[in-house]
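Chain by chain, the residues:
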Amino acid sequence: MSNLEYPACINELYQSEVLGEAAFLALIAAAKNERDKYQFTTLLQLETETKARLRPFLYRHGIELDESQVAPEQAAGFAALYSENSWPDFLTQLKPVVDQFLGRFEEIAAVGPEEDRDILQSMVRHEESFVHWIDKELAGEEGGLDVALSQIQYPLAAP
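Reading the values: rules and limits
- Residues numbered from 1 in each chain as written.
- Predicted model: local features only at pLDDT ≥ 70, side-chain atom pairs only at ≥ 80, totals over all residues.
- Heavy atoms only, no water.
- 1 Å grid on protein atoms, 1.4 Å probe; cavity = no way out; pocket = protein on both sides within 12 Å on 5 of 7 lines; lining within 4 Å.
- Points joined across faces, edges and corners; volume = space filled by probe spheres on them.
- Helix = DSSP H or I, 4+ residues; strand = E, 2+ residues; numbered from the N terminus.
- Nonpolar A, V, L, I, M, F, W, Y, C, P; charged D, E, K, R; others polar.
- Core = buried A, V, L, I, M, F, W, Y, C linked by side-chain atoms within 4.5 Å.
- Buried < 20%, exposed > 50% of the residue type's maximum accessible area, 1.4 Å probe, protein only.
- Contact = heavy atoms within 4.5 Å.
- Expected span 1.5 Å × (residues − 1).

Asks: Describe the layout of surface pockets, listing the residues and the values that go with them.
Replies: Of the pockets and cavities examined, the largest pocket occupies roughly 230 Å³. Lining the largest pocket are 13 residues, and of these Asn 11, Glu 12, Gln 15, Ser 16 and Phe 101 sit closest to its centre. Those elements that provide at least two residues to the lining of the largest pocket are helix H1 (11–30) and helix H4 (87–111). With five residues, the single largest contributor to the lining of the largest pocket is H1. Contributing to the lining of the second largest pocket are 13 residues, with Arg 35, Gln 39, Glu 142, Gly 143 and Leu 145 lying nearest its centre. Of all the elements in the fold, those that place two or more residues in the lining of the second largest pocket are helix H2 (34–60), helix H5 (117–139) and helix H6 (146–149). Tallying contributions element by element places H2 first for the lining of the second largest pocket, with three residues. Residues belonging to the lining of the second largest pocket are distributed by class as follows: five nonpolar, three polar and five charged.

This is how it looks when you write it as structure tokens:
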């Protein structure tokens, strides 16, 4: 969707989680080591919990909960990007995708009504957790998953 017709544009939030789930499932299957697998599985959990949290919001606005819009080749593309690159190169190439989602979520949050502000801002924070993860990983610092973990109700045990 290229415009910001509210509330129709909030379907983009849900579809991004559907894509995120598919992408992280593909990345888990392609994981080169246990550390990467844990990170991808944690981020999958964030996507899954966020998608579930969005369902009542979309339902309230009369938006259909359609999960068929994500093509399998989209998820496979993330796995190929990971498999064909070093960890830093993978993250460097992933960052513009995440930045694009973050920018779009900020646009949607800006046009939403006050009664939707909390959930819309939570989606901005959600996407910022991926930026934080990438930035920390690229800097070689610990704690990349901290922001994501703070949003997960059912975290996985760390290895």
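Asks: Which residues make up the nonpolar core, and what are the values?
Replies: Residues Leu 13, Phe 40, Phe 90 and Trp 133 are the most contacted members of the largest nonpolar core, which totals 43 residues. Those elements that provide at least two residues to this core are H1, H2, helix H3 (72–83), H4 and H5. The element that contributes the greatest number of residues to this core is H4, accounting for nine residues. Look past the residues within four positions of Phe 90 in its chain and what remains in contact with it is Leu 27, Phe 40, Phe 78, Leu 81, Tyr 82, Asn 85 and Trp 133.

Asks: Please set out H1 residue by residue, giving values where relevant.
Replies: For H1, with 20 residues, the first-to-last C-alpha span of 29 Å sits near the 28 Å given by 1.5 Å per residue. Counting buried residues along H1, 16 of its 20 residues qualify, which places the element largely inside the surrounding structure.

Asks: Describe in detail empty space enclosed by the protein, supporting the description with residues and values.
Replies: Here the structure, examined in full by the defined rule, presents one cavity of 30 Å³ or more. Considering the residues around the largest cavity, the lining is formed by 16 residues, among which Gly 20, Phe 24, Glu 47, Val 98 and Glu 127 are closest to the centre. Of all the elements in the fold, those that place two or more residues in the lining of the largest cavity are H1, H4 and H5. At seven residues, H1 tops the list of elements feeding residues into the lining of the largest cavity. Of the residues belonging to the lining of the largest cavity, the class tally is 10 nonpolar, three polar and three charged.

Asks: Requested: an account of the side chain of Ser 16, with residues and values cited.
Replies: Mapped onto the fold, Ser 16 is located in helix H1. Not counting the four nearest positions on each side in its chain, Ser 16 is found in contact with Glu 47, Phe 101 and Phe 105.

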